[in-house]
Amino acid sequence: MNDTVAACRFCGSALETDFVDLGSMPLANNFITRDKLDKPEPHYPLHVKLCTKCLLVQHNAIVSPENIFTDYPYFSSYSAAWCEQARRYALTAKQRLGLGPASRVVEIGSNDGYLLRHFVELGIPVLGIDPARNVAEVARAAGVPTETRFFGAAAARDLVARGCAADLVVANNVLAHVPDINDAIAGLKLVLKPGGVFTAEFPHLLRLIREVQFDTIYHEHFFYYSIMVLERILSRHGLRIFNVEELPSHGGSLRIFACHQEDPTHAEEPGLSRVRAAEEEAGMDRIEAYAGFAARVKEARSALLAFLDEATRRMAKRVVGFGAAAKGSTLLNVCGVDGSQVDYVVDETPAKRGKYLPGSHLPIVGIEAVRRTRPDYILILAWNHKDEIMRKLAYVREWGGRFVVPLPRATVLG
Ligand code: DWN
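About the thresholds
Residues numbered from 1 in each chain as written. Predicted model: local features only at pLDDT ≥ 70, side-chain atom pairs only at ≥ 80, totals over all residues. Heavy atoms only, no water. Near = heavy atom within 4 Å. Polar contact = N/O pair within 3.5 Å; in protein donor to acceptor, adjacent residues only side chain to side chain. Areas by Shrake-Rupley, 256 points an atom, 1.4 Å probe, with all protein chains shown as cover. Core = buried A, V, L, I, M, F, W, Y, C linked by side-chain atoms within 4.5 Å. Buried < 20%, exposed > 50% of the residue type's maximum accessible area, 1.4 Å probe, protein only. Helix = DSSP H or I, 4+ residues; strand = E, 2+ residues; numbered from the N terminus. Pairing = 2+ DSSP bridges. Right-handed = clockwise from strand over helix to strand, strands pointing away. Contact = heavy atoms within 4.5 Å. Axes fitted to C-alpha atoms, helices over the stretch in contact; angles between N-to-C directions. Expected span 1.5 Å × (residues − 1). Arc of directions from axis to C-beta.

A. Inspection of the site of the ligand at higher detail. The environment of the ligand is made up of 24 residues, and the closest members are Glu220, Lys327, Asp347, Glu348 and Lys352. Glu348 is positioned such that a nitrogen or oxygen atom in its side chain is 2.6 Å from a nitrogen atom of the ligand. The separation between an oxygen atom of the ligand and a polar side-chain atom of Lys392 is 2.7 Å. In isolation the ligand exposes 710 Å². Once the protein is present, 97% of that is buried.

B. Looking closely at the nonpolar core. Phe19, Phe198, Phe214, Ile217, Tyr225, Ile256 and Phe293 are the most contacted members of the largest nonpolar core, which totals 111 residues. Among the elements that line this core, the one with the most residues is helix α10 (residues 293–314), at seven residues. Listed in part, the 21 residues of the second largest apolar core include Tyr89, Ala90, Leu99 and Val105.

C. Representation of the sheet that holds strand β2 (residues 43–50). Reading across from one edge, β1-β2-β3-β9 is the order of the four strands in this open sheet, with antiparallel pairing throughout. In this open sheet, the two strands that pair with only one neighbour each are β1 (17–26) and β9 (223–224). Bridging between β1 and β2 involves seven bridges; their strand directions are antiparallel. The residue bridging Met25 from the neighbouring strand is Tyr44, located in β2.

D. Spatial organisation of the pairing of strand β15 (residues 377–380). A two-sided burial pattern is seen for β15, the buried positions comprising Tyr377 and Leu379 on one face and Ile378 and Ile380 on the other. Strand direction decides the pairing type here: strand β12 (residues 319–322) and β15, joined by four bridges, are parallel. By the bridge assignment for β15, Val320 is matched with Ile378. The parallel pair β15 and strand β16 (residues 402–405) is bridged by helix α13 (residues 386–392), and the resulting crossover is right-handed.

E. Seen up close, the sheet that holds strand β10 (residues 239–247). The mixed open sheet is built from seven strands, whose spatial order is β6-β5-β4-β7-β8-β11-β10. Pairing within the sheet leaves two strands with one partner each, and these edge strands are β6 (146–147) and β10. Here strand β5 (residues 126–129) pairs with β6 via two bridges, running parallel. Pairing of Gly128 across the sheet is with Thr146, part of β6. Sheet contacts for helix α9 (residues 270–281): β10 and β11 (253–260); angle to β10, the most-contacted strand, approximately 75 degrees.

F. Structural detail: unusual backbone geometry. Geometrically, the link from Leu407 to Pro408 is a cis peptide bond, its omega value of 5 degrees lying close to zero. Despite not being glycine, Asn173 shows a phi value in the positive range, around 55 degrees. When you line up the elements, Asn173 lands in the loop between β7 (166–172) and α6 (181–191). Backbone geometry places Ala316, a non-glycine residue, at a positive phi of 50 degrees. Assignment of secondary structure puts Ala316 in the loop between α10 and β12.

G. Representation of the environment of Gly100 within the structure. Positionally, Gly100 belongs in the loop between α2 (80–97) and β4 (105–108). C-alpha separation for the pair Gly100 and Gly123, spaced 23 residues apart in sequence, amounts to 6.9 Å. Sequence-distant contacts of Gly100, defined by excluding residues within four places in its chain, comprise Gly123, Ile124 and Pro125.

H. Structural detail: the pairing of β4. The alternating pattern of β4 places Val105 and Glu107 on one face and Val106 and Ile108 on the opposite face, and all of these are buried. In this structure, β4 lies alongside β5, joined through four bridges in parallel fashion. Residue pairing in the sheet places Ile108 in a bridge with Ile129 of β5. The handedness of the β4 to β5 crossover, carried by helix α3 (residues 116–121), is right-handed.

I. Structural view of α2. The terminal C-alpha atoms of α2 lie 26 Å apart, and with 18 residues this matches the ideal 26 Å at 1.5 Å per residue to within 8%. Listed in full, the buried residues belonging to α2 are Trp82, Cys83, Gln85, Ala86, Tyr89, Ala90 and Ala93. The buried side chains of α2 occupy one side of the element, clustering within an arc of 155 degrees when seen end-on. In α2, the exposed positions that point more than 90 degrees away from the buried face belong to Ala80 and Gln95. Along its buried surface, α2 packs onto α3, β7, β8 (192–203), β10 and β11. Looking one or two residues past α2, Gly98 carries a phi angle of roughly 60 degrees, positive in sign.

Written out as structure tokens, the structure is:
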């Protein structure tokens, strides 16, 4: 069975240039229950390519979104910083766009209602769209109207026909997750009212390359975006970006503001030219900027393994992980880390606790295990939440415990 695509998912050109090949990997969020530990796990190639025609970076595996998103273990509300970012966004959007009871906010990939709940509190009608039935149930229970479905042009036509076109469409950490990107963006064009605004957040490819964030590569991230490529994709479907904000979330993300191409009310703002200039300075309009990433991944992998070998084998120290994040799965599996080096991984998400990480099969336990076992090192797998996690676990210093971040190079912190 040909389990990969040969053509760029946006422009259709042949995908012949490697960005990085991470080998055959299990799905990063496919946590294992104890009774399935000895069963084979589906693996898929995690081979990221660069389209040399449109410069879209993308993996080529054929993985059905139904396989990934129908029963989804990631709940956005388990990060205080992420929830605070969402709250601030809602307040600012209401003021900037003059949203009120006659408006409608539609969020694609609305997860557990972490963002739309703030618009509900502001008295603004909302509609969440999310394919994960388990997560959508949590949103509905929190009072956030949510439809369990994938989004695309057909869904958009249905929403418009039902009078659910939007003044504001939000899609945070979603544009990377939709394999048929042309259908998804065509849907955005349809569901956005004339004069409406579309905002989306996504990790910035420039930061991924610069900081060797190879662990953010996994199958549910089909694409890895630069502004220059995303402008091209939106433009093909009659949308244009008029501003960009740089955010610290998820290792360095961008928030784009877009509107209908023909909408005269939004002049380009400085944030867009700033990011365009940064990408130009980084040479991201040239293929050479993407070369060499694989070699830097190998260096980062060697450094982490050297730390683990020194800490556990030579010094007989105990290392535990924090954050059963999707990125943690990629990191552990690319580096071949197992229970002989890391005892367990802490995660506060109820849907993850008591299960095992895909591939490495490290057990996922509650935070109380830390006080009980008094580990020497906390390997922060969810390094994008480093500050929040180090505050939460500050007590480990009582017994000389220390924190380690794995990238861009394994580093022991205070
Ligand atoms: O694109 C995606 C990003 C936005 O979020 C999704 N594909 C999936 C997900 O990626 P991730 O799993 O790498 O996300 P996080 O936010 O880095 O995961 C953090 C993990 O750590 C979660 O399982 C929650 C957990 N956590 C915790 O238990 N206690 C996090 C914090 C901050 C905590 O205090």
